[in-house]
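Examination of the molecular architecture
Given next are the chains, with one letter for each unit.
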Amino acid sequence: MLEELRRTYQFINRHPIGRRAKPQAWKRWVQWQLGTRLLNAPVVMPWIDDSSLVAERGMTGATGNIYCGLHEFADMSLLLHYFSAPDETDRFYDIGANVGSYSLLAGKVCKVPGLAFEPVPTTFNALERNLKTNELEGLIHAKRTAVGASSEWIKFSTDRGPTNQVVDHSYKGSSQDVPVITLDSLIGESPVASFWKIDVEGFEMEVLEGAKESLQSPRVNVILLEETSVAIAAIMSDAGFRQMSYDPFSRELISATSETNRNNQVWIRNPEKVQERCRNAPKREILGVEF
């Protein structure tokens, strides 16, 4: 309990909303702790606008949303600002969706259709539960599959919660074989998404290898990557993307530097277009903090 409290203290103190609204954030933490301990079951929490987040203890990203509004503030704000006035061509890919926080923002809050990919059965069930609770089954289509470089089967851990990932046969924990598809295999089945979030615990290179044709589509403007490398940077640069950072308060996109503090790696094609959409987005307010 003390270690959990220490981590929560650090998270709230460092969070752009949490540190500006500490009383509200800590009030939410207390409500969450009491509610989940008393009920000992998943809890439906009101979230952004008319969305709801179904969460339970141990769901780190989901609880961060409950305490501070947006767990990954800069990246989630970029999605909200970019999709504030979506056009008919906008789509969203949630690759490594986990319980679907990003999909709820895109689908429920911004009314943007998309695909959510999550290979772990128990986590996929939580994703589907969130989509059903928010009446999004017809707008965000959940696929119980991993995304990679080729269509195959891979071994995936199932006992690491939000950090489940690809493992090999030497893995001693619980695992399961899961199917893999490529993003390029979806061409012709559905429009290529304009905004991608890729959070696949080190499997990013494989996802991009299977999306080289999709990456060339001029429709794609924003890609959030959890990790990067020299090889990943080369693929993204060759496809016409620039690594940037987003400040939700100023609505500014700037070239990323080693000192830039961000959750994911933000890759932008057409920075001027993305910048204009974000600047024109109406202001939002969470816990009394405007951005």
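My aim in this report is to walk through the structure given alongside it, one point at a time. Predicted, not measured: the structure shown is a model, and the values here were computed from it.

Structural notes on the packing of helix α1 (residues 2-14) against helix α2 (residues 22-39)
Each pair of packed helices gets described by two things: the angle between the helix axes and the distance between those axes. Running from N to C, α1 and α2 point in directions that differ by 145°, and their axes come no closer than 11 Å. Classified by chirality, the crossing of α2 by α1 is right-handed. From α1, E4, L5, T8, Y9, I12 and N13 reach across to α2, where they touch K22, A25, W26, W29, Q33 and R37. Each residue belonging to the contact of α1 with α2 can be placed in one class, and the counts come to six nonpolar, three polar and three charged.

Here we look at the layout of surface pockets
Looking at the second largest pocket, its volume works out to about 310 Å³. What lines the second largest pocket is a set of 14 residues, and nearest its centre among them are E4, T8, T60, T63 and Y67. For the lining of the second largest pocket, the elements supplying multiple residues, two or more each, are α1, α2 and α3 (60-68). Partitioning the lining of the second largest pocket into residue classes produces four nonpolar, seven polar and three charged.

Structural notes on the sheet that holds strand β6 (residues 146-147)
On the basis of which strands lie adjacent, the open sheet formed by three strands has the order β6-β8-β7 and mixed pairing. Either end of the sheet is taken by a strand with one partner, and the two such strands are β6 and β7 (152-157). Relative to strand β8 (residues 175-181), β7 is paired through six bridges, and the arrangement is antiparallel. Its bridge partner lying in β8, K155 is registered against D177.

Remarks on the side chain of S214
Position of S214 among the secondary structure elements: in helix α8 (residues 212-215). The class for S214 is buried, based on a relative accessible area of 0%. A distance of 2.7 Å separates the side chain of S214 from the side chain of D184, its partner in a polar contact. S214 has contacts with L183, D184, I187, V192, W196 and V220, leaving out every residue within four places of it along the chain.

What counts, and at which threshold
Residues numbered from 1 in each chain as written. Predicted model: local features only at pLDDT ≥ 70, side-chain atom pairs only at ≥ 80, totals over all residues. Heavy atoms only, no water. Axes fitted to C-alpha atoms, helices over the stretch in contact; angles between N-to-C directions. Helix = DSSP H or I, 4+ residues; strand = E, 2+ residues; numbered from the N terminus. Left-handed = near helix turned anticlockwise from the far one by under 90°. Contact = heavy atoms within 4.5 Å. Nonpolar A, V, L, I, M, F, W, Y, C, P; charged D, E, K, R; others polar. 1 Å grid on protein atoms, 1.4 Å probe; cavity = no way out; pocket = protein on both sides within 12 Å on 5 of 7 lines; lining within 4 Å. Points joined across faces, edges and corners; volume = space filled by probe spheres on them. Pairing = 2+ DSSP bridges. Buried < 20%, exposed > 50% of the residue type's maximum accessible area, 1.4 Å probe, protein only. Polar contact = N/O pair within 3.5 Å; in protein donor to acceptor, adjacent residues only side chain to side chain.

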